[in-house]
Amino acid sequence: MRFAPVAQVRDTSVARVLLVALRAHGFHPLDLREGGLPGVPNLFGPDGFTIEVPEEEVADATLLVGDLLKNMEPPAP
């Protein structure tokens, strides 16, 4: 099974919320991967955590993740 990214987030808490929400809606995301060193979330890039789902689920998962991220943004002052 091939996986493709649907989002990349810097905050581990946001990444975990997205994974739970995707699973709750019937998607099959990969678990978060560490960079291999304690406290280093992504050894290969500074952009945080990549959320990946099977290629067959990318279109629908991208819509869900986009809506969730929009709702998670802090309100403007």
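A quick note: this is a predicted structure, and the numbers were derived from the prediction, not measured.

For this particular structure, what's the right way to read the overall build of the protein chain?
When you go through the protein chain residue by residue, the secondary structure sums to two helices and two strands. In the protein chain, the succession of helices and strands from N to C terminus is β-α-β-α. Put simply, of all contacts in the protein chain between residues at least 6 apart along the chain, 72% involve residues at least 24 apart. Total accessible area on the protein chain stands at roughly 5,400 Å², and carbon and sulfur atoms take up 59% of it.

Sorry if this is basic, but what is going on with the pairing of strand 2 (residues 49-54) here?
In the case of a regular strand, side chains alternate between the two sheet surfaces. The element strand 2 is extensively covered by neighbouring structure, given that five of its six residues are classed as buried. Sheet topology note: the strand 1 (residues 3-9)/strand 2 ladder contains six bridges and is antiparallel. What sits directly across from Phe3, in strand 2, is Pro54.

Which parts of the structure should I look at to understand the side chain of Glu57?
Within the element layout of this structure, Glu57 appears in the loop between strand 2 and helix 2 (58-72). With no salt bridge to any partner, buried Glu57 finds its closest opposite charge in Arg23, at an N-O distance of 9.4 Å. One polar contact links Glu57 to His28, side chain to side chain, over a distance of 2.6 Å. When near neighbours in sequence (up to four residues on either side) are disregarded, Glu57 contacts Gly26, Phe27 and His28.

Before we go on, may I ask you to explain the nonpolar core in this structure?
What tends to happen in soluble globular proteins is that the nonpolar side chains get buried as a cluster. Val6, Leu22, Ile51, Ala61 and Val65 are the most contacted members of the largest nonpolar core, which totals 14 residues. Counting only elements with at least two residues in this core, the list comes to strand 1, helix 1 (12-24), strand 2 and helix 2. Among the elements that take part in this core, helix 1 stands out by supplying four residues, more than any other. If we ignore the near neighbours within four places in the chain, the residues touching Ala61 are Val6, Leu22, Phe27 and Val53.

Analysis parameters
- Residues numbered from 1 in each chain as written.
- Predicted model: local features only at pLDDT ≥ 70, side-chain atom pairs only at ≥ 80, totals over all residues.
- Heavy atoms only, no water.
- Helix = DSSP H or I, 4+ residues; strand = E, 2+ residues; numbered from the N terminus.
- Contact = heavy atoms within 4.5 Å.
- Areas by Shrake-Rupley, 256 points an atom, 1.4 Å probe, with all protein chains shown as cover.
- Buried < 20%, exposed > 50% of the residue type's maximum accessible area, 1.4 Å probe, protein only.
- Pairing = 2+ DSSP bridges.
- Lys, Arg positive; Asp, Glu negative; His and termini not counted.
- Salt bridge = Lys/Arg side-chain N within 4 Å of Asp/Glu carboxyl O.
- Polar contact = N/O pair within 3.5 Å; in protein donor to acceptor, adjacent residues only side chain to side chain.
- Core = buried A, V, L, I, M, F, W, Y, C linked by side-chain atoms within 4.5 Å.

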